[in-house]
Amino acid sequence: MTIKRISVPIFDNVEVYMSDEIMKDCPPWRACRELKFDHDPNDHEETSGYVLASTNGDIFMGINAGEPLKVIAHECVHAAWEILDFVGVKVNYKNHEMLAYLVDWLFENYIKKFKISID
Ligand SMILES: [Zn+2]
């Protein structure tokens, strides 16, 4: 398992932990004990990716290596919603440009960090 930590530039308290594997144990972040949602690691056995959010804004994105790009895109949408919710940006049908930029930034970072080809 490889974990890459990145900070979201304009939301500098938010850290995103990107992993090329889902994990059964709690994510290795400082606020592991403060997950925003109830989290049962056994729920993830059948999944190819997931996003966990902590109460301090940290995000854990776990995506199994080799999953198709659509899984990465899917998890980036979840992560972006969580980040925007944490920083207080209300996303709706009239206000979603920030969501689009954040998804695009997360996706680009994920594929660069894990050297995933999109050719
Ligand atoms: Zn989903």
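So, a few notes on the structure that sits alongside this text. What you see is a predicted model; the values in this text were computed from it and never measured. (Residues numbered from 1 in each chain as written. Predicted model: local features only at pLDDT ≥ 70, side-chain atom pairs only at ≥ 80, totals over all residues.)

**So, the nonpolar core**
Ranked by internal contacts, the top residues of the largest apolar core, which has 22 residues, are Val16, Ile59, Met61, Cys76, Ala79, Ile83 and Leu106. Here the element with the most residues in this core is helix H1 (residues 69-87); it accounts for 6 residues. Residue contacts for Leu106: discarding those within four places in its chain leaves Val16, Cys76, Ala79 and Ala80. (Core = buried A, V, L, I, M, F, W, Y, C linked by C-beta atoms within 7 Å. Buried ≥ 20, exposed ≤ 12 C-beta atoms within 10 Å, placed from the backbone. Helix = DSSP H or I, 4+ residues; strand = E, 2+ residues; numbered from the N terminus. Contact = placed C-beta atoms within 7 Å.)

**What to know about helix H2 (residues 97-113)**
Owing to its 3.6 residues per turn, the α-helix aligns residues three or four sequence positions apart on the same side. With 17 residues, H2 should reach 24 Å at 1.5 Å per residue; the first-to-last C-alpha distance of 24 Å fits that figure. Positive backbone phi, at 50 degrees, marks Lys115, one or two positions downstream of H2. (Expected span 1.5 Å × (residues − 1).)

**Some details on the packing of H1 against H2**
Taken N-terminus to C-terminus, the directions of H1 and H2 make an angle of 130 degrees; their axes are 8 Å apart at the nearest point. Overall, the two elements H1 and H2 adopt an arrangement that is oblique. By crossing handedness, the relation of H1 to H2 is classed as right-handed. Seen from H1, the contacting residues are Ile72, Ala73, Cys76, Val77, Ala79, Ala80, Ile83 and Leu84; seen from H2, they are Met98, Leu99, Leu102, Val103, Leu106, Phe107, Tyr110 and Ile111. Looking at the contact of H1 with H2 residue by residue, the classes come out as 16 nonpolar, no polar and no charged. (Axes fitted to C-alpha atoms, helices over the stretch in contact; angles between N-to-C directions. Parallel < 35°, antiparallel > 145°, perpendicular 65-115°, else oblique. Left-handed = near helix turned anticlockwise from the far one by under 90°. Nonpolar A, V, L, I, M, F, W, Y, C, P; charged D, E, K, R; others polar.)

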